[in-house]
Amino acid sequence: MFRIVGEALALDALVLHVSGAEVGGVATFVGIVRVENAGKRVVAVEYHAYPAMAEKVMREIGEELERLFGSLRIAMVHRTGRLSVGEASVVIAVGAAHRREALAAVSHAIERLKHDVPIWKKEFYEDGSEWLEPASVVPRAGINK
């Protein structure tokens, strides 16, 4: 399951989706909107994505996870729209025969998602807002931000 959605995320449903008789361990990651980032007080975050493109990259990450960690059951869902502090923005659940593979796969999945999936994030602060660049964007030498 690889989805971009506009509604609240349900961890229980994703855990159920990746569970099964062959699954001995389920690992999860839930990303939550936090109240502070880089010394600024966050009041909300807005996520934007082109679902077809983002879900395609998410599926590719799922294929990579299976190449690296073996047979897995994977659910990766990211929310779009305006989220308040404390709301979940992303949930990843991985079911595997053993805990090591499940834990390693979920850790790898969130790093790849943050780096490669085309999801844009705008943070709103008490005194303004700003678009945050994806982790994959590195400023060139000599260019001030």
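Residues numbered from 1 in each chain as written. Predicted model: local features only at pLDDT ≥ 70, side-chain atom pairs only at ≥ 80, totals over all residues. Heavy atoms only, no water.

### Some points on the pattern of salt bridges
Under the defined criterion, the tally for this structure stands at nine salt bridges. Between Lys 40 and Glu 130 there is a salt bridge; the shortest N-O distance is 2.8 Å. Separated by 90 residues along the polypeptide, Lys 40 in strand 4 (residues 40-49) and Glu 130 in strand 9 (residues 128-132) bring together distant segments of the chain. Residues Arg 41 and Glu 126 are paired through a salt bridge, measuring 3.2 Å at the closest nitrogen-oxygen approach. Note that Arg 41 is positioned in strand 4 and Glu 126 in the loop between strand 8 (119-125) and strand 9, a separation of 85 residues in sequence. Since its relative accessible area comes to 46%, Arg 41 is described here as partly exposed. For Glu 126, a relative accessible area of 59% puts it in the exposed group. If you follow the salt bridges from partner to partner, you end up with Glu 64, Arg 112 and Asp 116 in one network. (Salt bridge = Lys/Arg side-chain N within 4 Å of Asp/Glu carboxyl O. Helix = DSSP H or I, 4+ residues; strand = E, 2+ residues; numbered from the N terminus. Buried < 20%, exposed > 50% of the residue type's maximum accessible area, 1.4 Å probe, protein only.)

### What about the packing of aromatic side chains?
Taken as a whole and judged by the stated rule, the model has zero aromatic pairs. Against the face of Phe 124 rests Arg 82, its NZ or CZ located 4.1 Å from the ring centre. (Phe/Tyr/Trp six-rings, centres within 6.5 Å; stacked < 30°, edge-to-face > 60°. Lys NZ or Arg CZ within 6 Å of the ring centre and 35° of its normal.)

### Details of the sheet that holds strand 2 (residues 25-32)
Note: strands within a sheet are paired through backbone hydrogen bonds, in either parallel or antiparallel orientation. One open sheet accounts for four strands, arranged 1-5-7-2; its pairing is mixed. Edge positions in the sheet fall to strand 1 (2-5) and strand 2, since each has one partner strand and no second. Taking each pair of neighbouring strands and ignoring which way they run, the sheet shows an average axis angle of 10 degrees. Of the strands in this sheet, strand 2, strand 5 (72-79) and strand 7 (88-96) touch helix 1 (residues 11-18), which is tilted by about 155 degrees from strand 5. (Pairing = 2+ DSSP bridges. Axes fitted to C-alpha atoms, helices over the stretch in contact; angles between N-to-C directions. Contact = heavy atoms within 4.5 Å.)

### Here we look at the pairing of strand 4
Where strand 3 (residues 36-37) lies against strand 4, two bridges are found, and the strand directions are antiparallel. Within the sheet, the bridge partner assigned to Asn 37 lies in strand 4 and is Lys 40. The turn joining strand 3 and strand 4, which pair antiparallel and follow one another in sequence, is formed by two residues; a positive phi near 50 degrees is taken by Ala 38. With seven bridges connecting them, strand 4 and strand 8 associate as antiparallel partners. If you follow Ala 49 over to strand 8, its bridge partner there is Ile 119. Here strand 4 runs beside strand 6 (residues 81-84); their pairing, made up of four bridges, is antiparallel. Within strand 6, the residue paired with Glu 46 across the bridge is Arg 82.

### Details of unusual backbone geometry
A positive phi is found at Ala 38, a non-glycine position, where the angle reads about 50 degrees. Here Ala 38 lies in the loop between strand 3 and strand 4. For Ala 38, a relative accessible area of 70% corresponds to the exposed category.

### Focus on the nonpolar core
One recurring pattern in soluble globular proteins is that nonpolar side chains are buried together. Residues Met 58, Leu 65, Leu 72, Met 76, Ile 92, Leu 113 and Val 117 are the most contacted members of the largest nonpolar core, which totals 29 residues. Put simply, the parts of the chain that give this core at least two residues each are strand 1, strand 4, helix 2 (51-69), strand 5, strand 7, helix 3 (99-116) and strand 8. Top element by residues in this core is helix 3. It accounts for six residues. Among residues more than four places away in sequence, those in contact with Ile 92 are Ala 27, Thr 28, Phe 29, Ala 75, Met 76, Val 106, Ala 109 and Ile 110. Formed by nine residues, the second largest nonpolar core is a distinct cluster that contains Val 5, Leu 14, Val 77 and Val 91. (Core = buried A, V, L, I, M, F, W, Y, C linked by side-chain atoms within 4.5 Å.)

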